[in-house]
Number of protein chains: 2
Amino acid sequence: MHEDGCRRVVITGVEPEIEAGRFPIKRTEGERVCVEADVFADGHDAISCRALYRREEDALWSAAPMHFLANDRWRGEFTVDKLGRYRYTVEGWVDHFKSWRRDMEMRMAADTDADVDYLTGAMLVRAAAERSQDSDAALLTRWADGLAAEKDPALRRTIALDQALSQVMDRNPDRTRATRYGRELAVTVDPAIARFGAWYEFFPRSCSPEPGRHGTFADAEERLEYVARMGFDIVYLPPIHPIGCTHRKGRNNSVKAAPDDTGSPWAIGSAEGGHKSVHPALGTLDDFRRFAGRAREHGLQVALDLAFQCAPDHPYVTEHPEWFRRRPDGSVQYAENPPKKYQDIFPFDFETPDWRRLWDELLSVVLFWVEQGVRVFRVDNPHTKPLPMWEWLIGEAKRRYPDLIFLAEAFTRPKILYGLAKLGFTQSYNYFPWRNSKWELMEYFNELTKTEVREYCRPNLWPNTPDILTEYLQHGGRPAFLSRLILAATLGASYGIYGPPFELCENTPLKPGSEEYLNSEKYEIRHWELDQPGSLRDFITRVNRIRRENPALHGDWSLRFHDVDNDHLIAYTKHAATDGSRFGNLILTIVNLDPHRTHGGWLDLPLLELGIDTRRPYQVHELISDARYFWQGARNYVEVDPNTVPAQIFRIRRHIRSEREFEYFM
Amino acid sequence: MHEDGCRRVVITGVEPEIEAGRFPIKRTEGERVCVEADVFADGHDAISCRALYRREEDALWSAAPMHFLANDRWRGEFTVDKLGRYRYTVEGWVDHFKSWRRDMEMRMAADTDADVDYLTGAMLVRAAAERSQDSDAALLTRWADGLAAEKDPALRRTIALDQALSQVMDRNPDRTRATRYGRELAVTVDPAIARFGAWYEFFPRSCSPEPGRHGTFADAEERLEYVARMGFDIVYLPPIHPIGCTHRKGRNNSVKAAPDDTGSPWAIGSAEGGHKSVHPALGTLDDFRRFAGRAREHGLQVALDLAFQCAPDHPYVTEHPEWFRRRPDGSVQYAENPPKKYQDIFPFDFETPDWRRLWDELLSVVLFWVEQGVRVFRVDNPHTKPLPMWEWLIGEAKRRYPDLIFLAEAFTRPKILYGLAKLGFTQSYNYFPWRNSKWELMEYFNELTKTEVREYCRPNLWPNTPDILTEYLQHGGRPAFLSRLILAATLGASYGIYGPPFELCENTPLKPGSEEYLNSEKYEIRHWELDQPGSLRDFITRVNRIRRENPALHGDWSLRFHDVDNDHLIAYTKHAATDGSRFGNLILTIVNLDPHRTHGGWLDLPLLELGIDTRRPYQVHELISDARYFWQGARNYVEVDPNTVPAQIFRIRRHIRSEREFEYFM
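Being a predicted model, the structure only gives us computed values, none of them experimental.

Novice: Teacher, can you tell me more about the interface of chain B and chain A here?
Specialist: Where interface size is quoted, it is often the accessible area lost as the parts come together. Between chain B and chain A, the residue contacts involve 63 residues of the former and 62 residues of the latter. Both sides of the chain B and chain A interface together cover about 5600 Å² of buried area, and 57% of this is carbon and sulfur. Inspection of the region where chain B meets chain A yields 12 salt bridges. Applying the counting rule to chain B against chain A returns 18 residue pairs in polar contact (both at pLDDT 80 or more). Among the secondary structure elements, those contributing two or more residues to the side of chain B that touches chain A are strand E1 (10-15), strand E3 (31-40), helix H1 (96-109), helix H2 (115-131), strand E13 (335-337), helix H9 (355-371), helix H10 (387-400) and helix H11 (414-423) of chain B.

Novice: Mind showing me how you'd approach the relation of the copies chain B and chain A here?
Specialist: When chain B is brought onto chain A, the operation consists of a screw motion whose angular component is 180 degrees and whose axial shift is 0.0 Å, with 0.0 Å RMSD remaining. The transformation relating the two chain copies, once decomposed into turn and shift, fits a two-fold axis. Across chain B, the rotation axis passes nearest the C-alpha of Ala20(B), at a separation of 2.9 Å. Interface overlap between copies: 98% of the residues of chain B at the interface are likewise at the interface in chain A, consistent with a symmetric, same-surface contact.

Novice: What is the right way to look at the pattern of salt bridges in this model?
Specialist: Side chains bearing opposite charge may pair, as long as their charged atoms lie close to each other. In total, this model carries 135 salt bridges over all chains according to the counting rule given. The partner of Glu396(A) in a salt bridge is Arg400(A), with the nearest N and O atoms 3.3 Å apart. Of this pair, Glu396(A) and Arg400(A) both sit in helix H10 (residues 387-400), 4 residues apart, which is roughly one turn of the helix. Residue Arg400(A) is classed as partly exposed on the basis of its relative accessible area of 41%. With a closest N to O distance of 2.5 Å, Glu609(A) and Arg560(A) form a salt bridge. Here the residue Glu609(A) occupies a position in the loop between strand E22 (599-604) and strand E23 (618-622), and Arg560(A) occupies one in strand E19 (residues 560-564), the gap between them amounting to 49 residues. One salt-bridge network, in which partners are shared between bridges, spans Arg8(A), Asp42(A), Asp45(A), Arg177(A), Arg325(B), Asp349(B) and Glu351(B).

Novice: I would appreciate a short explanation of the side chain of Arg107(B) in the present structure.
Specialist: When you line up the elements, Arg107(B) lands in helix H1. When residues no more than four places from it in sequence are discounted, the contact partners of Arg107(B) are Glu336(A), Pro338(A), Thr112(B), Asp113(B) and Asp117(B).

Novice: Which parts of the structure should I look at to understand the packing of aromatic side chains?
Specialist: Given two aromatic rings, their pairing is described by the distance between the two centres and the angle made by the two planes. Taken as a whole, this structure holds 84 aromatic pairs over all chains when the rule is applied. With a centroid separation of 5.6 Å and an interplanar angle of 10 degrees, the aromatic rings of Phe308(A) and Trp390(A) are classed as stacked. Of this pair, Phe308(A) sits in the loop between strand E12 (301-306) and helix H8 (315-319) while Trp390(A) is found in helix H10, placing the two residues 82 residues apart along the sequence. For the residue pair Phe308(A) and Trp390(A), the accessibility class agrees, reading buried in each case. A ring pair is formed by Phe203(B) and Tyr498(B), whose centres lie 5.9 Å apart and whose planes are at 65 degrees; its orientation type is edge-to-face. Highlighted residues: Phe203(B) in the loop between strand E10 (197-201) and helix H6 (217-229) and Tyr498(B) in strand E18 (residues 494-498), separated in sequence by 295 residues. Residue Phe203(B) shares its accessibility class with Tyr498(B), and that shared class is buried. Among the aromatic residues, those joined into a cluster by ring pairs are Trp199(A), Tyr236(A), Phe411(A), Tyr429(A), Trp434(A) and Trp462(A). Residue placement shows Arg175(A) over the ring face of Trp93(A); its charged tip is 5.0 Å from the ring centre. Between Arg454(B) and the ring centre of Trp557(B), over which it is positioned, the NZ or CZ distance is 3.8 Å.

Novice: Would you mind showing me how to read the confidence of the model for chain A here?
Specialist: For any part of a model where pLDDT is low, the fine detail of the predicted coordinates should not be relied upon. Counting all residues, the mean pLDDT for chain A is 95, and 97% of those residues have values of 70 or more. ipTM for the predicted complex: 0.94, alongside a pTM of 0.95.

Novice: Teacher, can you tell me more about the sheet that holds strand E10 (residues 197-201) of chain A here?
Specialist: As a general point, the strands of a sheet are linked pairwise by backbone hydrogen bonds and lie either parallel or antiparallel. All names here are of chain A. Taken together, 7 strands build an open sheet; the order of strands is E17-E16-E15-E12-E11-E10-E18 and the sheet is parallel. Edge positions in the sheet fall to strand E17 (427-428) and strand E18 (494-498), since each has one partner strand and no second. In this structure, E10 lies alongside strand E11 (residues 234-236), joined through 3 bridges in parallel fashion. Note that in E11 the partner of Tyr200 across the bridge is Val235. Most of the contacts of helix H14 (residues 537-549) go to E18, to which it runs at about 165 degrees, and overall it touches E10 and E18.

Novice: How should the sheet that holds strand E17 (residues 427-428) of chain B be read in this particular structure?
Specialist: Residues and elements named next belong to chain B. Reading across the sheet, the 7 strands line up as E17-E16-E15-E12-E11-E10-E18 and stay open at both edges, with parallel pairing between neighbours. Only two strands of the sheet have a single partner each, and these edge strands are E17 and E18. Bridging between strand E16 (residues 405-408) and E17 involves 2 bridges; their strand directions are parallel. Residue pairing in the sheet places Ala408 in a bridge with Ser428 of E17.

Novice: Looking at this structure, how should I read the pairing of strand E25 (residues 635-640) of chain A?
Specialist: The side chains of a regular strand alternate between both faces of the sheet. Residues and elements named next belong to chain A. Where burial is concerned, the two faces of E25 differ: the one with Asn636, Val638 and Val640 is buried and the one with Arg635, Tyr637 and Glu639 is not. As defined by bridge partners, E22 adjoins E25 across 6 bridges and the pair is classed as antiparallel. When the sheet's bridge partners are listed, Trp602 is paired in E25 with Tyr637.

Novice: Which parts of the structure should I look at to understand unusual backbone geometry?
Specialist: Only a minority of non-glycine residues have a phi that is not negative, and only a minority of peptide bonds are not trans. In this structure, the amide linkage connecting Pro338(A) to the following residue, Pro339(A), adopts the cis form with an omega of 5 degrees. Secondary-structure assignment places Pro339(A) in the loop between strand E13 (335-337) and strand E14 (340-342). Of note, the amide linkage connecting Gly499(B) to Pro500(B) takes the cis form, showing an omega dihedral of -10 degrees. Looking at the secondary structure, you find Pro500(B) in the loop between E18 and helix H14 (537-549). Not every positive phi belongs to a glycine, and Asn71(A) is a case in point at roughly 50 degrees. Here Asn71(A) lies in the loop between strand E5 (62-70) and strand E6 (73-80).

Novice: Hey, could you run me through H14(A) in this one?
Specialist: One turn of an α-helix holds 3.6 residues; hence residues three or four places apart share an orientation. In a regular helix each residue adds 1.5 Å, so 13 residues correspond to 18 Å; H14(A) covers 18 Å between its end C-alpha atoms and thus fits that length. For H14(A), the secondary structure elements touched by its buried residues are E10, helix H6 (217-229), helix H13 (471-491), E18 and strand E26 (647-653) of chain A.

Novice: Just checking my understanding: could you explain the side chain of Ser132(A) for this structure?
Specialist: Residue and element names in this part refer to chain A. Structurally, Ser132 is set in the loop between helix H2 (115-131) and helix H3 (134-149). A polar contact is formed between the side chain of Ser132 and the backbone nitrogen of Ala137, at a distance of 3.3 Å. Not counting the four nearest positions on each side in its chain, Ser132 is found in contact with Ala137, Leu140 and Asn172.

Rules of the game
Residues numbered from 1 in each chain as written. Chains lettered and ligands numbered in written order. Predicted model: local features only at pLDDT ≥ 70, side-chain atom pairs only at ≥ 80, totals over all residues. Heavy atoms only, no water. Contact = heavy atoms within 4.5 Å. Buried area = accessible area lost by both parts, 1.4 Å probe. Salt bridge = Lys/Arg side-chain N within 4 Å of Asp/Glu carboxyl O. Polar contact = N/O pair within 3.5 Å; in protein donor to acceptor, adjacent residues only side chain to side chain. Helix = DSSP H or I, 4+ residues; strand = E, 2+ residues; numbered from the N terminus. Least-squares fit on C-alpha atoms with pLDDT ≥ 70 in both. Buried < 20%, exposed > 50% of the residue type's maximum accessible area, 1.4 Å probe, protein only. Phe/Tyr/Trp six-rings, centres within 6.5 Å; stacked < 30°, edge-to-face > 60°. Lys NZ or Arg CZ within 6 Å of the ring centre and 35° of its normal. pLDDT = per-residue confidence, 0-100. Pairing = 2+ DSSP bridges. Axes fitted to C-alpha atoms, helices over the stretch in contact; angles between N-to-C directions. Expected span 1.5 Å × (residues − 1).

Encoded structure:
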């Protein structure tokens, strides 16, 4: 039998809730959590409810009132203003005073309010007085006396319906029979840069000013100003560890390396050390720390690559032979995706009986770099390591350092991509590189921003990576680079590029049909001429400035697509509250997805829903060209020529001043 | 840290699953449970999985294999063939042999299969031999030897890909690192009549052959043949207990009863007894038992009404004063929905400190009638009693008697209606009486039969009840009664009518705008002339026979609406497998929703999906008129005249014999 059968309220359908509370939702510092629930009881009694929340380490709950929406659904909100983990749940109770007051209104309307009804109310108010403290007790006692004894019927009615009485009763409710929702749900609160940031990936070894010389951290320091001036927030470096020699890959991924080939940074480990060492050709650990410090001076965070795999000459292979799988001939199992063989890479055998020590060691790698000042990690192929390992490792790391950020390079099937996001990855690479048509982009970004997915998966949009030179970029020329940049930077509050190939519009694939770069930096040192006249550097600078200046672009949830009667043009708005106005900052982006031809079309904006006065013209300020236009009404013609700029980013200013607002009119 | 970090498989998105397993799904004896889940692991390894199920009282699991669908989704099925509760869950594991075999196929295709690869396979097979028993061990050892030592490369390849080897490996998997889904989900298995049955409600006290005399159980016995001949399965009686005298309601719900007024059967309890007593005017408990026995002889089950409320003179009121709420003036709180007062009814105070004894007493009421042979209960206004009480009471009752059926008269808001269904009610009244237009019917029945709702809520469709004479019936004349009957009987595998008013097309409301019957049987004894020429008795008989003879109509899940280009015509099919053919029994119903005018329209049937050969004509057999037509192709014209019969029920016979099938052609 139930512990307390008198708890009549039922709470269900709580949102957000990921897999019945198995995983936390995600927020950044200062964001709000909006909680909804179905809350109801039997019969006609009124109910009240509230959202409860606390930091995980605190014992006491705070409460946020929930208000009734419709169809037994209630909503409440609270703010998470500290890093780490929060808990939240919902509580509801039968509110006899609220029922009584509602009934009294109906009785009065029907003129059937009787003495006994007022006495019932007095009883409820007196009970509240006994529960309450200080001044409330005195107030309530006076109201109770009035309800019980007031002789003037009109005055007695006034007392019964007194809003002040309701308010004081609301803060002294009888919750002895409240129902608490069966689960305490969790929120992970990350730093703001987990939500909004621009990433720039580059290879330090290609930073030498002298062609052919191996770049160093000192050279990379010189590159920082270039990156910072473009307006990026994070510089991400491919692995900086010693590179294996055995089965080293040569240029363009050739199986046989030439003696001077530098190998792939992802083939980690040699006699010079493993995941906690720095490649001697780049410098020392001190050099790395100095690089990271210089980055901070430029307002940049350094992101490192976590690639949990070993070159055959990684020290682990001899120190921990049990962490690798042996084949029946005694050799170590290399990575394989038959018929392809990757003999330069030994994957860990996560089914090893020694898995606990392996997990501990991997965590220690993360903590080692955290101790060097690194807070951001880009995780290589997380989907090829067990999901329970990641959940544990990220949990342990963030328990110690709640400001850590883990970006999952989970280019894999959707359930696994989302599974990794749920278990703790802060951000996720995703299918953006391959979403090119309007319909694809709309469908995918509605999934990312309008469904439960947004509660746990933060997309980070990359038009290119060292592994991905899309066909769109290969064939679309410079306009393709511009439009993919704008899509990434405006659809995604977090986005990144792999440079300098991106800003230099490098678009030659290894071979037709391949997404690999020809002469990929993965396998060789490149020397980049950054001052080419065609560089997108200034354009990127402008776009990043637009991002910083417009809060609408600092989050993804407000994304909304709009109708344009041309399938080559995609249009969407994002908005953010400023100075208390919900749509204070409103940004409309229009991109021509066809890199070859000018397209025009009629754009339809839902003005009322965007908070725009339909009767007056409004100003749209195109932020790339700095041009201003007056638009009128919901339907306006737009045209985009890819050969100038394949996109327009409008700040919509809803209010246009007129002469009536000049001072002399006031 | 995890207990076993080597469990790499992740299981999520299990369906069906109600509120994270908080509530069971429902099935009837012999039905199948189809379980789906997202099951995946890191990396490239193949996985296998299975559904596990057991009766709740059994310790051992049975297993049903799950097969891969797409997008990491797997499906398996099992049958629940015994009454009571079952449990089910999902288990998945990394299947190294399956991975190996897949990889070997690719290696062979690329001609890169090497000796060491066969040795790896031999190792896996030998390990399986050690796990396995009897003949499998010997077989596997022989295969392992072949893989390890076979010198003929072609033969060695044949061994590796031997389907028989795969099969034997499949039944000897290595599940030491299997992942079990985190929850054991429940199934409540009810008798078949919980899914398929026709109900008939009537008042025994109106069964006297002499007008004016109070009918008895003996009179009601005489009515049973009439009901059975119409083809009903369940006779449901309003409360049969002593009726209160204090504040008794008179005819047409008048506040003052005349001395000869018999009162409402729902005002339960008087000096003559309460919920475990029989109204003396109806007879004795023995008489009731004889009535129930006669009903069984007619193939009818008796359903009783559970109305947990008391007349002011119910013995509980004096024996258990603590079960009722006192007002400040010392009087007992009567039922009230301000400004309406129901002074003839005292609700229980479920917030009483004595709630445990109250709950026990209510359960004892159910068990008392179960001991008299009653297995079916129609529960009056369950939404006005606490949901936790019902969950406990139904759970306790069905634990003792798993064949019990509780029909919830939950005419309340949708979340509460569904909440009651989830917590254990076997069937639910619903919004069918007020769904009249084609769009409303389609939307509502798609919600009931195509969403998760169907897993826990079994609709029982009533065109009328003693409380509900809909406007549609009031104004639509005889065609309205016919069409609502056919909708109820074909949309709902479970349906019921309140007779004789239904078959006699009684349609006069208490007053305009009211859904109450004039001279309602709730407040007076009525005498019904059953042999009126206009009676729908024969029509109902025909419809119930069509229901019995066509398995398509024995369930609701196969319901599918079809396009007709006239909004007054609604068309839908249901189907059932017979003799192993999925669409063996296929019933198409077309109803004219306009009771006043003939309507025609073009009907579109998705022939391929219904298993109909698009190239040949097919026969449709109209089962009400017994007419047969030949149709050809997907598009056919239908016309329904409400003044003959406002509906057509076709059995579609997909196969039309031709002369080529006569014996002399064979």
